[in-house]
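Tertiary structure, described
Chain residues, written in single-letter form:
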Amino acid sequence: MNLPLPLVKAPLVSDWIGFADRRVQVLTGRVELGQGNLTALLQVAADELDVDPAVCSIIGGDTTLTPDEGFTSGSLSIAVGGLALRYAASAARHILLAEAARLLQENPSALSIESGRIVRSGMDADLDLWRLAERVDLAVPVVDYAAPKPASERRLGGRPLARIDLRERVAAHPFVQDLALEGLLFGRSIHPPSMSARLLSLDMEGLRARPGVVALAQDGSFVGIVAAGEFEAIRAARWAAARAEWSEAGEAPSDPVEAIERSQEDIEIVHAAGEPGTVTGERFSTKVSRPYLSHASIGPSAAAARWDAGRLTVWTQSQGVFPLRAALAEVFAMDASAIDVHHRPGAGCYGHNGADDVALDAALMAKSVPGRPVLVTWSRADEFRYAPLGPAMVTTAEAILGPDGRIGAMNVLASSAPHGNRPGRGGPNLRAAAYLSTPFPPPRSGDVPLSSGGGADRNAVPGYAIPALSIGKLIVHDLPYRTSSLRALGGFVNVIAIESLMDEMAGSLDENPVTFRLRHLDDARARAVIEAADESAGHPFAKPNEADGGGWGLGFARYKNTAAYCAILVRVEVEEAVRVTHVHAAVDMGEIVNPDGAVNQTEGGILQSISWTLKEAVRFDGRTVATQTWDDYPILTFSEVPEVIVRLVDRPEEPPLGCAEAAQGPTAAAVVNAVYRAVGVPVRDLPLTRDRIIAALV
């Protein structure tokens, strides 16, 4: 039996499932980031155990309780974490049924479970899972007992289940920013303006004398202020920031995106097939660029920490409590077992944002006030200026269209700043760790290998039947800006490049872009989602082109070439600016555990992708991020949200594939292609602003 990878680190049934106080306790290393995955994971466990979800509770991301599943990322919560939980819950079910059979002197096949009670021949056997759990040992290997139900026997799978966390989020105070720990103090950091800046001078005595200041934490160029109240901490931080003097070293590129395009770093060929150099026909080429992006979470990052008798406790909104624990252990030169990291809800994130950085800030400050917890919340300016950025990218692609109307070859080169700088990968990768007196500088990123989904080269291999391919990536390491993982990684830009080429080639043949794609697809599931999206939109490409700046566009990809299939059709209007008016999506994510959650995730990805494509770009002043407010960084507003229709292609017999990031690339590609049809010229440097469209038309 090929077990899901999380069961290697957490092989026992008791690592995942427990029974106490008439409730089922579900444990998972995944965390809730606002996407509803804990609801779906609870649904998976309840389905295998034949219990009402209302009697289940779930704990995610706690180094003292839950399995170590690394990061909640890559659309893997259900595809990998859910599968592990299904195996573990099925093992618990079989162990408990075996015990019931022993007590009742029955064959286990004669027994079933209904709402947690044992049923024999349609009659209640006066036994339930909780009584049975008291008699058995669940600290046994999952592999010895796992036998998940076939899809036909799942009662909950594929049905909507209300989010289990919404009531608390609306009516209570669950967020890490709301923590009210006994003896709580409040902290603020004085950040160097760039990763290479170092503190030259600051009136520490004057800072210590500011109203409400309890303690200062200084280590190298890190300065943290601990105050009795949050207002006092903010005022002291403003006072210090206005007076701190910093060094600066090194030049910055005048155009960071152009610097990536012109980099002389080595190109790595990550995939090759056939002999592209020998293919003849009409050549088509494109270049797509995106600027550096912010995660742009509505709420800035926060964390709390407390030192007590040499033990560190951290409350965090991190995507990965175990990797964060390892990173903190390295910084403080201590055993990881002396650090407890508990996940608490915070603003949703889309990869490696400032959540882990602020946790180190809190730990450094808490060390100056042993026994007292310190809550640190970054400001909006902190979040924009100091959190890791989504890497800028430039992807070039070239295709050769044969006289038979089929693509004979395609070359793709993805040039990018690094994507794979999460905490614990080659070093702590935490901001403050880089400028401590004993620094931990960010290591040279190796990027995410294509075998693990890819980083800069994610989705750079086209999913179409093309006999000759050469796919390369170029990682630019010598830029002064801190970057790491942002939703979909390189897949966002690479899908735009490939799909814009597909539209150009279809246009050269005067062929419907849907038909052209279908002719180049051997995968029936890929064909099905394109056909479903086209049908949902009313087959717009079969109608005459719109006049007066309106147009439709199509984008398609299978995320990471191994996960969910997604096709998107959008309609745009190009007037004073580009406005997306309608979106039709079709997604095949294999088994769908919770359709409401799947639709919500797809809608969220679509809207974020539109915002990236039309609006978002980080500004720089030399080596410093100049973006500080929402005025500097506009995002899609509620009044600009289009009509979005999502069709789910449910395949309950197939493995779940995950869906959260599948829409990013196809949506952007559809918008770019729609703008092309609307204005008649390609515009492929993002964001698609009014000025860029006018420049393309001139």
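Data block above holds the structure.
Residues numbered from 1 in each chain as written. Predicted model: local features only at pLDDT ≥ 70, side-chain atom pairs only at ≥ 80, totals over all residues. Heavy atoms only, no water.

1. Remarks on the overall build of the protein
Each helix and strand in the protein was counted, giving 17 helices and 26 strands. In terms of C-alpha radius of gyration, the protein reaches 27 Å, essentially the compact-globule figure of 26 Å for 698 residues. Along the first, second and third principal axes, the C-alpha atoms of the protein reach 80 × 75 × 45 Å. Evaluated residue by residue, the protein yields a buried proportion of 60% over its 698 residues. Restricting the contact set of the protein to residue pairs at least 6 apart, pairs at least 24 apart contribute 78%. In the form shown here, the protein has an accessible surface area of approximately 26,900 Å², with 49% of it arising from carbon and sulfur atoms. Distance between charge centroids for the protein: 3 Å, based on 64 positive and 85 negative side chains. (Helix = DSSP H or I, 4+ residues; strand = E, 2+ residues; numbered from the N terminus. Rg over C-alpha atoms; globule rule 2.2 N^0.38 Å. Buried < 20%, exposed > 50% of the residue type's maximum accessible area, 1.4 Å probe, protein only. Contact = heavy atoms within 4.5 Å. Areas by Shrake-Rupley, 256 points an atom, 1.4 Å probe, with all protein chains shown as cover. Lys, Arg positive; Asp, Glu negative; His and termini not counted. Charge placed at Lys NZ, Arg CZ, Asp CG, Glu CD.)

2. Focus on unusual backbone geometry
A cis amide bond links Leu686 with the next residue in sequence, Pro687, at an omega value of -5 degrees. Relative to the elements of secondary structure, Pro687 occurs in the loop between α16 (664–679) and α17 (690–697). Of note, the phi angle at Arg22 is positive, near 65 degrees, even though the residue is not glycine. Turning to its location among the elements, Arg22 is positioned in the loop between β1 (17–20) and β2 (23–28). For Arg22, a relative accessible area of 46% corresponds to the partly exposed category. Even without a glycine there, the phi angle at Asp50 is positive, about 55 degrees. Mapped onto the secondary structure, Asp50 falls in the loop between α2 (37–49) and β3 (56–60). Exposure remark for Asp50: the relative accessible area of 7% places this residue in the buried category.

3. Here we look at the pairing of strand β9 (residues 213–219)
Where β9 and strand β10 (residues 222–227) come together, six bridges link them in antiparallel fashion. Each bridged residue has a counterpart across the sheet, and for Val213 the counterpart in β10 is Ala227. Remark: two residues form the turn of the hairpin made by β9 and β10, two consecutive strands paired antiparallel; Gly220 in that turn has positive phi of roughly 65 degrees. (Pairing = 2+ DSSP bridges.)

4. As for the sheet that holds strand β21 (residues 550–558)
Strand order across the open sheet formed by four strands is β21-β22-β23-β26, with mixed pairing between neighbours. Each edge of the open sheet is held by one strand with a lone partner, namely β21 and β26 (643–648). Here the strands of the sheet are splayed against their neighbours by 15 degrees on average, with no regard to which way each runs. As judged from the nine bridges shared by β21 and strand β22 (residues 565–574), these two strands associate in the antiparallel manner. Its bridge partner being in β22, Arg558 is matched across the sheet by Tyr565. Each of β21, β22, β23 (578–588) and β26 is contacted by helix α14 (residues 524–536), which is oriented at about 30 degrees to β22, the strand it contacts most. (Axes fitted to C-alpha atoms, helices over the stretch in contact; angles between N-to-C directions.)

5. Notes on helix α10 (residues 355–366)
The terminal C-alpha atoms of α10, which comprises 12 residues, lie 17 Å apart, in line with the 16 Å expected from a rise of 1.5 Å per residue. Burial within α10 is extensive, with 12 of its 12 residues counted as buried. Among all positions in α10, only Ala355, Asp356, Asp357, Val358, Ala359, Leu360, Asp361, Ala362, Ala363, Leu364, Met365 and Ala366 are buried. (Expected span 1.5 Å × (residues − 1).)

Keep in mind that these numbers describe shape and distance, not what the molecule does.
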